[in-house]
Every structure is written in C-alpha cells, then in structure tokens.
Amino acid sequence: HEDGTVRFWDASGVALKPLYRLSTAGIFQTDCDHNESLNQSNEEDWPPFRKVGCFDPYSDDPRLGIQKIALCKYSGKLMVAGTAGQVMVMDLNDEKSDHMINVVTVDLLQEREGFTWKGHDKLNPRNGSLFFPPGFQTAMLIQCIPPAAVTAIALHSEWNLVAFGTSHGFGLFDYHRRSPVLARCTLHPNDSLAMEGPLSRVKSLKKSLRQSFRRIRKSRVSGKKRPTGSPPSRLQEANAHLAEQAGPHDLDMAPVQRRIEPRSADDSLSGVVRCLYFADTFLRDAVHHGPTLWSGTNSGSVYAYALEVPSREKLSDRCAEAVLGKEIQLMHRAPVVSIAVLDGRGNPLPEPYEVSRDLAKAPDMQGAHSVLIASEEQFKVS
C-alpha cells in the first residue's frame, strides 16, 4: 500500500479475511512523529468529534509506497521494495525483537558523470535499536542511489541473493555476507527523463506526445489496395471500412499480421529494468551449469550474468561474484516483461527449495536448456 504497509489475506474462503498487517513506516524518519500525532486529542475541541477508524500520518509521504514484494514460503524470507529506492529484506520470527537494522547504500549510476537526480530524496532510517513485534522483521535495508522507485525484484533464498532494479540500473546483493555483489547502470546517454521523479508532469506530457506522434505515423501507413476490376458490392465496402477502422496493414504483410516497428533507442526511460530472474543453467558453455542472473530492460536489452555462489561450508569465508556472460539486444527494442529458462524437457526451472523439499521434480540438466524471452511485442525461445 502507499502508506508503507503489506497486508496478508486468507483467500481460501468465499470472502477475503485479513490475517496480518506489516508496516515499514516505523523504520524511517518522517516529517511527523507517530506517537505525537496519536496523542493530539483535545477535549476542548468543538464540536466533540468521536474518533472512528485509524488515521495513519505516515500515509502523507508517497515515498513509503510499496512497489514490489517477493516471498519465499519455504525459508520465511520476505523482500519488500518501495518508491524511494528502499529494499528491505525481512525474516519471519515468532517472537518480538529489539535490534538494529543493517543499512547499505548501492550506487546504480557507478559515478556516472553529467547526471543530476531531480526527484524526491531518499528516506532516512531511524537510528539505534528498533522494536519489532512477532511476524516479519526487517534485518537489512538496501538503499538505491538515485532513490528512484524500484521496478523489479528477485529473491533466491537458497543462494542468499536478492536482485533489484530501478529506472537507472539493477543491483545484486548478498544478504548473508551483507555486501553488494553487482551494480549495473542501464541508462541511455539521451535518457534525460530518468533524472525526474515518478510524479513528474513533464515526463507524462512528453510520454503522451510521443505516443500521439507514434499513432500519427502508424495511421499514415497505407492499407491494402482495393481491387479495381468490377465495382465492389456493399458487403465488400463494409468489410473494407471495418478493416480500415481496425488498424493499418502493411502492403507486404498478410492482413492478419501487423508490422512490428522498432522503437527508438533514445526513447525516454529506456533504462528501466522490467524483470529480474535467477536460474541454474548453462551460460558459459554447454557442459558446465551454474547460477545465473537475467535482467530485461525497457529498451529490449537482456543482460545475463554468471554467478559464483559459495557453498554452505564457505558462506562465511567468501562472497558471491558476478561476471557478465551474455548481452542480448532485441531488434524491435520493445520492453522485456518476462524471462524464463526451460530445462531439457521444456519445463520451467523449479523455485528455490522446491526440489530439496520434494515438492517439484529435479530439472533435466542433461539436455540443452532454452531461454524464453517475452516482450511487449513478441516472445521468442532460443
């Protein structure tokens, strides 16, 4: 929710039943104090209003809004990301706790020159130990710089890794060692609108104008020529009129298809990370498989990284490492919305801990794996 809460509901019955309310506003410093606002009741106020419901003063700050969540039901890990670039890693605990939160800052621009963030500021975490009731308790806070809204996340509790992406790039973090693994900037040199905040009127105006010009260009594409032999009947005229209303058709394509126009490389917000995906597959060669991280952007770019994840015996000795293994650019430059790896039998790879808990079959690692990339224009398997 926009007030920084995540609410759990029981959906097994006819109607939704509230189970649990998780609030993330208490770990940040905001303009108003929660305790003071609750104790402002004055008996001399007239007319004497009776308090009904619960007013949360933190809901006035849009930076607290929750954008993405990822839950691992087997390990009790919860990943929550918000509007101001905050990424929180939580653990499920049956008892109350009083502890400090580990705060780490990840610069996604990697000291890129000529870029100035004009959006909202980041949220400042509270100092000292914080009280957490039983339930999900924040153990790690990762702050993205610039503090843009998080657009994609991925959690792999078996490898102790979390990935997060914004409109400026994506990062990889090892929450067991509490250290960043990777930070990659995906900004295009002409991507000037990424400097603005998510509520910028200028950005929305430019986007609407760009879409209008696209529609005008598409409307100028001529449709199929009518036959010039005998005069057409009323039925043919009606069919031709409906075909023109449905949309323009290319002269060289069949009527049931439409031409996929490549998008401009300097479109605004081309560096937005739309999806992140972990997979144990073959990336370096066809013999050795291992952990990988896949990232898809708004401009049709796909980045595949080979990961070196230490074993359980060496978790405390070394940190995970990432090496760029492959970079793919889709020709039509449409936003990549989903990525999945298929095993030798054509089945998607199982989720973390599903195989070890006998909840899913082990993937076929003998045959060749395939990657399924879905964009807003098409999907392809390679």
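What counts and how
Residues numbered from 1 in each chain as written. Predicted model: local features only at pLDDT ≥ 70, side-chain atom pairs only at ≥ 80, totals over all residues. Heavy atoms only, no water. Pairing = 2+ DSSP bridges. Helix = DSSP H or I, 4+ residues; strand = E, 2+ residues; numbered from the N terminus. Axes fitted to C-alpha atoms, helices over the stretch in contact; angles between N-to-C directions. Salt bridge = Lys/Arg side-chain N within 4 Å of Asp/Glu carboxyl O. Buried < 20%, exposed > 50% of the residue type's maximum accessible area, 1.4 Å probe, protein only.

(A) Expanded view of the sheet that holds strand S18 (residues 301–308). One open sheet holds the four strands; their spatial order is S16-S17-S18-S19, and the pairing between them is antiparallel. A single partner strand is all that each edge strand has here, and the edge strands are strand S16 (273–281) and strand S19 (321–329). Adjacent strand axes in the sheet meet at a mean angle of 20° when their direction is disregarded.

(B) Molecular detail of the sheet that holds strand S22 (residues 379–381). Within the open sheet, the three strands sit side by side as S20-S21-S22. Their pairing is antiparallel. A strand with exactly one partner marks an edge of an open sheet, and here the two such strands are strand S20 (336–342) and S22. Each strand of the sheet is rotated relative to its neighbour by a mean of 10°, with strand direction disregarded. The pairing of strand S21 (residues 370–375) with S22 spans three bridges and is antiparallel. Paired with Ile 373 across the strands is Lys 380, a residue of S22.

(C) Quick look at the pattern of salt bridges. Taken as a whole and judged by the stated rule, the model has six salt bridges. Two residues, Arg 345 and Asp 343, come together in a salt bridge whose shortest N-O distance is 3.9 Å. Overall, the relative accessible area of 3% leaves Asp 343 in the buried class.

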